[in-house]
Amino acid sequence: MESQKCVKLSSGHMMPLLGLGCFQSPPAEVTAAVEAALDAGYRHIDTAYNYLNEDAVGKGIHAWINKSKGASKKEAALRKEVFIVTKGAAHDKDLFPKNKDGMPNNLDYGVDHIALWKEMEKMVDLGLTKSIGVSNFNPQQLRRLLAIARIPPAVQQVEMHLEFQQLELQKFCQENNIIMTAYGPLGSPGRQLPGDAYKPQLLNNALVKMLADHHKVTTAQVLIRYWIQRNVVAIPKSTNKGRIQVNGDVWGFKLTDQEMEALLGMNKGPSCRSFRQMSSLPGVKEHPENPVELI
Ligand code: A2P
């Protein structure tokens, strides 16, 4: 992939700035979505054990490799093109088991991020992964890892959208050579949220719409392009082929400095965080490593 479409990680590897998000993508749909994304030029797919769709994601990659390989492009070369992000399993059976009172009964209040990180480093040593990073960590948690890491976290993946730009975390990550990935860059319009949850309305925001019209693109493309221009990786989720193609078509226009500044001005801070559901589960809010409560 062309280097201007990638960012260099502290691991030395290049990471594509645009990825396909697969959170809440049903297995029955995600295979075709992944194949469509690779067809459309995406070379980065984001999944997790907890999304329960890793197998189906793998099938999509396999289908694309199978149909793309030939005399000029060998399978090994195609495999090298694809950057896959996944996240470790918190546990290996029921994802959110509850006791008889409906309370989560698998919360590990003694979780040791340092011990976990050392295991992650071993995975690099064993050649099981090329780069390692974290997700939903706050600066205190990152600092603790950075203090002991033999291989520092290359990436931090968190919710980021125009109204919740995580500017302090961006500064911290920049200072520590950690690349950020924005999940929910479109404001997650399809997610079912409790009544009082903050629901960003970015796809029909007046300023975003004005810039989209000016550049003859969609509002989704502006929302994605903004992060890419900030050197932040963006992983819009879609299982719709047409939307996957449009979201991936962000290389033919450039937001001006003035436009970037105007979009920066939309930031309202943590009150616009929309991924709070975990915190509303009993026992999670009080967890010593709950990153949201610590920020
Ligand atoms: P769908 O999968 O049907 O396309 P986010 O990445 O911010 O979490 O947003 C994902 C949500 O946005 C999904 O519900 C997805 O639905 C929808 N979506 C993805 N791309 C677009 C687009 N270009 N226009 C409108 N909605 C979109």
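Residues numbered from 1 in each chain as written. Predicted model: local features only at pLDDT ≥ 70, side-chain atom pairs only at ≥ 80, totals over all residues. Heavy atoms only, no water.

A. Quick peek at the packing of helix α4 (residues 113-125) against helix α5 (residues 139-148). Between α4 and α5, whose axes approach to 10 Å, the crossing angle comes to 55 degrees. Relative to α5, the element α4 is oriented oblique. The two elements α4 and α5 meet at a crossing, and its hand is right-handed. Between α4 and α5, the residues in contact are His113, Ile114 and Trp117 and Gln141, Arg144, Leu145 and Ile148, respectively. (Axes fitted to C-alpha atoms, helices over the stretch in contact; angles between N-to-C directions. Helix = DSSP H or I, 4+ residues; strand = E, 2+ residues; numbered from the N terminus. Parallel < 35°, antiparallel > 145°, perpendicular 65-115°, else oblique. Left-handed = near helix turned anticlockwise from the far one by under 90°. Contact = heavy atoms within 4.5 Å.)

B. Quick peek at the packing of aromatic side chains. In total, this model carries four aromatic pairs according to the counting rule given. Plain terms: the ring middles of Phe23 and Tyr51 are 5.2 Å apart, the flat faces sit at 55 degrees to each other, and that makes the pair tilted. Placement of the pair is Phe23 in the loop between β3 (20-21) and α1 (27-39) and Tyr51 in the loop between β4 (44-46) and α2 (54-68), with a sequence separation of 28 residues. Judged by relative accessible area, which is 34%, Phe23 ranks as partly exposed. Between Tyr226 and Trp227 the ring centres are 5.0 Å apart and the planes differ by 75 degrees, which places this aromatic pair in the edge-to-face class. Judged by its relative accessible area of 0%, Tyr226 is buried. By way of ring pairs, the aromatic residues Phe23, Tyr51, Tyr183 and Phe275 are connected into one cluster. Between the NZ or CZ atom of Arg191 and the centre of the ring of Phe275, over which it lies, the distance is 3.4 Å. (Phe/Tyr/Trp six-rings, centres within 6.5 Å; stacked < 30°, edge-to-face > 60°. Buried < 20%, exposed > 50% of the residue type's maximum accessible area, 1.4 Å probe, protein only. Lys NZ or Arg CZ within 6 Å of the ring centre and 35° of its normal.)

C. Inspection of the sheet that holds β3 at higher detail. Read across the sheet, three strands follow the order β3-β4-β5 without closing on themselves; strand pairing throughout is parallel. Across the chains shown, the open sheet's two edge strands, defined by having one partner strand only, are β3 and β5 (83-85). (Pairing = 2+ DSSP bridges.)

D. Seen up close, the sheet that holds strand β6 (residues 134-135). The sheet built from four strands is open, its strands ordered β6-β7-β8-β9 with parallel pairing. Sheet topology places β6 and β9 (233-234) at the edges, where each strand pairs with a single neighbour. Inspection of the sheet shows strand β8 (residues 179-183) paired to β9 by two bridges, in the parallel sense. Residue pairing for β9: Ala182 is matched across the bridge by Ala234.

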